[in-house]
Amino acid sequence: MRILLFFIVCMSFISCTSSRYVNHVSYQSVRMIDEKKHALSSLRDIPPTATIAICTSISEEGTVDVHVYNLSDSTMTIDRAQSFLVTIGGQHVFYNPEITSRTTSQTSSKGLSVNVGAVTGALGLTGPLQGLLNGVNVGGSKGVGSATTTYNIDQQIVHLAPHSHMRLAEDIYLGDVGMNALASDRNNTQIATISPNDSKYIFGICIAYSVDRQKSYKNFESAYYINSWITIPVRQDRKFYYPNEALRQLYGMKPDALQEKFYLMYFGRNRKMGYVNLPAFIDYK
């Protein structure tokens, strides 16, 4: 079905088009570092011995949404102050309470400051996330503006009943993932297969959880990486572009382009046009 879609797209570009139509074709795919878990397509595929699971989805804009599932028969506690999304470019702590108060003409807010390096040591994180997090400080955010007095109290400790789930985070921008990243690629990157060790963009999710009434906490880690990034300029002949040639070149470089679990395909022009496959990544422990 995906291959059929690809050829339908190609056929749509067979004829000559105006110079304002498409000037480049870009492609991007993301995988989990753990290939075995990357293949999971449903929560039903998780082994019955698992205690915790997460579903991570990425939008075409490059934002991430995380749901946590308590698979155990006990109440699970999530410490959101020790749970965070980490990327090469920065970190986002899932617990960031702010109290906004009104002054004569301004409001101010202040976020939480967390030493992520210390959290790394305390939780004993391992693998690709350890290198990203060691020695990193996450500062609180401050802002000033005019607004009505509001109070937004975030919860640091969240309790999940047995076999329940919650949204841990939503709409966090990843940076180098998404249509905007593809649209701004001016380097004509053409790497069809990138290994986790060679990928310039790795991001991960760390969750601190307890199933023994907060007597002790364990850490759950899930890591992802961009495994393909291809941008191909479209040939121009006078006032016409030929994007069908670029599509054939892309598919020749990466025959499994439409078999990837998560991929984005962007056609650069005056108006954005893209084709996406946006499933949820499933991980468990």
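Conventions we followed
Residues numbered from 1 in each chain as written. Predicted model: local features only at pLDDT ≥ 70, side-chain atom pairs only at ≥ 80, totals over all residues. Heavy atoms only, no water. Core = buried A, V, L, I, M, F, W, Y, C linked by side-chain atoms within 4.5 Å. Buried < 20%, exposed > 50% of the residue type's maximum accessible area, 1.4 Å probe, protein only. Contact = heavy atoms within 4.5 Å. Salt bridge = Lys/Arg side-chain N within 4 Å of Asp/Glu carboxyl O. Helix = DSSP H or I, 4+ residues; strand = E, 2+ residues; numbered from the N terminus.

(A) Structural detail: the nonpolar core. In terms of nonpolar packing, the biggest core is built from 37 residues, with Val 30, Val 68, Ile 78 and Ile 207 touching the most fellow members. Every residue in contact with Val 30, bar those within four places of it in the chain, is listed here: His 38, Ile 58, Val 177, Phe 203, Tyr 224, Tyr 225, Ile 226, Asn 227, Phe 262 and Phe 281. One finds Tyr 27, Ala 192, Ile 230 and Leu 258 within the second-largest nonpolar core, a separate group that totals 15 residues.

(B) Region of the structure containing the pattern of salt bridges. Considering all chains together, one arrives at eight salt bridges under this definition. The shortest N-O distance in the salt bridge between Glu 260 and Arg 31 comes to 2.9 Å. Residue Glu 260 is found in the loop between α6 (243-253) and β20 (262-268), and its partner Arg 31 is found in strand β2 (residues 24-32); the two are separated by 229 residues along the sequence. The closest approach of N and O atoms between Asp 283 and Lys 37, which form a salt bridge, is 3.1 Å. Of this pair, Asp 283 sits in strand β22 (residues 280-284) while Lys 37 sits in helix α2 (residues 35-38), placing them 246 residues apart in sequence. The same class applies to Asp 283 and to Lys 37, which are both buried. Sharing partners across several salt bridges, the network here consists of Arg 31, Glu 35, Lys 254, Asp 256 and Glu 260.

Bear in mind that shape data such as this cannot, by itself, settle questions of function.
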